[in-house]
Amino acid sequence: MKKYYPIATPILNGNEKKYVMDCLDSTWISSNGSYLDRFEQQYALFNNTKHAIACSNGTTALHLALLAHGVGKDDEVIMPTLTFVATPNAVTYCGGIPVFVDSEPETWNIDTSAIENKITARTKGIIAVHLYGHPANMDPIMELASKYGLFVIEDAAEAIGAQYKGRMAGSIGHTATFSLFGNKIITTGEGGLITTNDDNIADTIRLLRGQGIDKHKKYWHPVIGYNYRMTNVQAAIGCAQLEKVDWHIQQRIRVAMDYYHFLQDDDRLTLPVQKVWSKNVYWMLGVVLNQSTEQQRDAVMKRLKDNGIETRPFFYPMHILPPYSDKQIYTDFPVANRIAAQGLNLPSHGELSREDVQFISETLRNNL
Ligand SMILES: *Cc1c(COP(=O)(O)O)cnc(C)c1O
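Anyway, here's the lowdown on the structure attached to this text. Note that this is a predicted model, so its numbers are computed, not measured. (Residues numbered from 1 in each chain as written. Predicted model: local features only at pLDDT ≥ 70, side-chain atom pairs only at ≥ 80, totals over all residues. Heavy atoms only, no water.)

## Some words on helix α9 (residues 294-306)
Part 1 of the argument: A rise of 1.5 Å per residue sets the reference length of α9, with its 13 residues, at 18 Å; its end C-alpha atoms lie 19 Å apart and thus fit the reference within 8%.
Part 2 of the argument: Within α9 the residues assigned to the buried category are Arg297, Val300, Met301 and Leu304. Down the axis of α9, the buried set is contained in an arc of 100°. They therefore lie on one face. Exposed residues on α9 whose side chains face more than 90 degrees from its buried face are Gln295 and Lys305.
Part 3 of the argument: Tucked inside the fold, the buried residues of α9 contact β12 (285-289), β13 (312-313), α10 (334-342), β14 (343-346) and α11 (354-366).
Part 4 of the argument: Residue glycine 308 follows α9 closely and has a positive phi angle near 80°. (Helix = DSSP H or I, 4+ residues; strand = E, 2+ residues; numbered from the N terminus. Expected span 1.5 Å × (residues − 1). Buried < 20%, exposed > 50% of the residue type's maximum accessible area, 1.4 Å probe, protein only. Arc of directions from axis to C-beta. Contact = heavy atoms within 4.5 Å.)

Now the structure itself:
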């Protein structure tokens, strides 16, 4: 039988089973328990932030962070157009308006030189997305934020363990969010985290996460909250994943280095970069097929699929999606339009051997 190469697979090769069994044996399976406390504490240490707050997924993490920063009706939040749909959706949940910015051709992240033009009297904040594991250029973003009094949220869903100028991605903005979905660098099945050094933001997020229940008065709800909690079972998996987080990150980097080895001399392809100021954790190895049209890219993906290799296209830019395309001018985003049409992600998980990567790379090159 021909081997099948999925784009992603969770790797549960540590204490996951042991800790989950412990939850079952002790009956602590709901949203209280010692694994939750431990997971939050350990993640805060790992991420070098004062607080880490676990929640139900990366989308609710974004929603909670935006609510804690006070985003409400018609508030504008600036973000890259090339991101996952959760980033603008979370702003929309708050009644706010996502404002899109084009991408940098090299890192595929938000073009920081194009942000200032988008700031208006209604702008409340900026979401920096660390796409595919490479950190956004945070210094100019933080400078603009302080000049205009804006908040900065890092959407670090894809960048657990990445670094910007020696600092953890997710410790630089006022708040950061992470996803622990099954294909992310570490996983709890579904799950999310919010990190911050700000005690007030942390308190607000904890309040909103748990139905807005008053800490001192049971069944008293001073605000409208949400049930966005994580369970102890998920946190148990998270604790085990976190014990080996450096290994999980190293596997992504190893696979990326193998892809570089087999693909970097092919001038029909553009591979991800690692700027000197960054540590890229290569969540998903992206390649841009230079010169190709969207139809040609899709045809390449189809031929790879016929060879047992699962790939996926880069995200569609948000400004072309039906909920967000209103009033957007397509030609305002030339870089994102091109990258999104030419880009695809290759299998990028830690169970791929060098031979697997060689096979995938050669199959790609033979089918361009
Ligand atoms: C995965 C992801 C999210 C959402 O995370 P979920 O846990 O799937 O809700 C948000 N933003 C980005 C950039 C992502 O890649």
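Picking up after the structure, the text goes on.
## Things to note about helix α5 (residues 138-148)
Part 1 of the argument: Of the positions making up α5, those classed as buried are Met138, Ile141, Leu144 and Ala145. All buried residues of α5 lie within an arc of 130° about the axis, which places them on one face of the element. Among the exposed residues of α5, those pointing more than 90 degrees away from its buried face are Glu143, Ser146 and Lys147.
Part 2 of the argument: Of the surrounding secondary structure, the elements contacted by the buried residues of α5 are β4 (123-129), β5 (151-155) and β6 (163-164).
Part 3 of the argument: Immediately downstream of α5, the backbone of glycine 149 shows phi near 65°, a positive value.

## Regarding the environment of arginine 209
Part 1 of the argument: Residue placement: arginine 209 occurs in helix α6 (residues 199-209).
Part 2 of the argument: When its relative accessible area of 15% is taken as the criterion, arginine 209 is described as buried.
Part 3 of the argument: Between the alpha carbons of arginine 209 and histidine 69 there is a distance of 14 Å; along the sequence they are 140 residues apart.
Part 4 of the argument: Apart from the residues within four sequence positions on either side, arginine 209 is in contact with Glu40, Ile53, Ala54, Cys55, Leu64, Tyr226, Asn227, Tyr228 and Arg229.

## Side note on the packing of aromatic side chains
Part 1 of the argument: Scanning the model with the defined rule gives 15 aromatic pairs in all.
Part 2 of the argument: With a centroid separation of 5.1 Å and 65° between ring planes, the pair formed by tyrosine 43 and phenylalanine 178 is classed as edge-to-face. Taken together, the residues tyrosine 43 in helix α2 (residues 34-47) and phenylalanine 178 in strand β8 (residues 175-179) connect sequence positions 135 residues apart.
Part 3 of the argument: Residues tyrosine 164 and tryptophan 277 carry aromatic rings whose centres are separated by 5.1 Å and whose planes lie at 65° to one another, so their mutual orientation is edge-to-face. Taken together, the residues tyrosine 164 in strand β6 and tryptophan 277 in the loop between β10 (269-270) and β11 (278-279) connect sequence positions 113 residues apart.
Part 4 of the argument: In this structure tyrosine 164 comes out as buried when scored by relative accessible area, which is 1%.
Part 5 of the argument: Judged by its relative accessible area of 19%, tryptophan 277 falls in the buried class.
Part 6 of the argument: Taken together, the ring pairs connect Phe84, Trp108, Tyr132, Trp283, Phe314 and Phe315 into an aromatic cluster.
Part 7 of the argument: The positively charged end of lysine 184 is found above the aromatic ring belonging to tryptophan 283, 5.3 Å away from the centroid.
Part 8 of the argument: Over the ring of tryptophan 220 we find lysine 217, and its NZ or CZ is 4.2 Å from the ring centre. (Phe/Tyr/Trp six-rings, centres within 6.5 Å; stacked < 30°, edge-to-face > 60°. Lys NZ or Arg CZ within 6 Å of the ring centre and 35° of its normal.)

## Focus: the sheet that holds β14
Part 1 of the argument: Ordered by their spatial adjacency, 4 strands build an open sheet running β10-β12-β14-β13, and the pairing between neighbours is antiparallel. Strand pairing shows two members of the sheet lacking a second neighbour, β10 and β13, which therefore form its edges.
Part 2 of the argument: Here β13 runs beside β14; their pairing, made up of 2 bridges, is antiparallel. The residue bridging arginine 312 from the neighbouring strand is asparagine 345, located in β14. (Pairing = 2+ DSSP bridges.)

Scope: geometric values only; no functional claims are made or implied.
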